[in-house]
Amino acid sequence: MNLMTPEILKQIRTEIKDDSLIKFYHSKQWQSVRHERLRLDHYECQVCKTQGKHTHSTTVHHIEHVRDKPMLALELKNTETICRMHHNMEHPEKLQEFHKDKFENQERW
């Protein structure tokens, strides 16, 4: 299942450059790939499964990150279902952004 077209790839690269990749994750093409991956993995974290645990999950992770390999963004074989904990471990930079101070200056009142 490969839904990638030259137009979609161009759009993804533009969204990466503009730091608006969130648009890709709302696209019909990504939602289709995401739904198929969840179905194939039975909504179970594949990392937990290798550890003998069964954890319900609705997060689909790109094995090769979209920013690094946009041409693989819609490749089903480049995705896996993982739980939130394992996804956070894969993307510690997202947690750092979340915990950043909301104030840019010294005054906090």
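The rules we used
Residues numbered from 1 in each chain as written. Predicted model: local features only at pLDDT ≥ 70, side-chain atom pairs only at ≥ 80, totals over all residues. Heavy atoms only, no water. Helix = DSSP H or I, 4+ residues; strand = E, 2+ residues; numbered from the N terminus. Buried < 20%, exposed > 50% of the residue type's maximum accessible area, 1.4 Å probe, protein only. Contact = heavy atoms within 4.5 Å. Areas by Shrake-Rupley, 256 points an atom, 1.4 Å probe, with all protein chains shown as cover. Core = buried A, V, L, I, M, F, W, Y, C linked by side-chain atoms within 4.5 Å. Disulfide = S-S within 2.5 Å. Salt bridge = Lys/Arg side-chain N within 4 Å of Asp/Glu carboxyl O.

1. Observations regarding the overall build of the chain
Summing up its helical and strand segments, the chain has six helices and two strands in all. Put simply, the chain runs from its N terminus to its C terminus through helices and strands in the order α-α-α-α-β-β-α-α. Here the chain holds 109 residues, and 33% of them are scored as buried. Taking all contacts inside the chain whose residues are at least 6 apart in sequence as the whole, residues at least 24 apart take part in 61%. Just so you have it, the chain exposes about 8000 Å², and 52% of that area is on carbon and sulfur atoms.

2. Description of the nonpolar core
In terms of nonpolar packing, the biggest core is built from 14 residues, with M4, I12, F24, W30, V66, A73 and L74 touching the most fellow members. Every element with two or more residues in this core is listed here: α1 (6-17) and α3 (28-40). Setting aside residues no more than four positions away along its own chain, W30 makes contact with F24, Y25, V60, H62, A73, L74 and T79.

3. Some words on the state of the cysteines
All chains considered together, the criterion is met by zero disulfides. C45 carries a free sulfur, and the closest cysteine sulfur to it, the one in C48, is 3.7 Å from it. C45 gets classed as buried once you look at its relative accessible area, which sits at 1%.

4. What about the pattern of salt bridges?
Counted according to the given criterion, the structure contains six salt bridges. Where R37 meets D41, a salt bridge forms, and the shortest distance between an N and an O atom there is 3.1 Å. When sorted by exposure, R37 lands in the same class as D41, which is buried. With its nearest N and O atoms 3.8 Å apart, the salt bridge here joins E64 to K69. Among the residues examined, E64 registers a relative accessible area of 34% and is labelled partly exposed.

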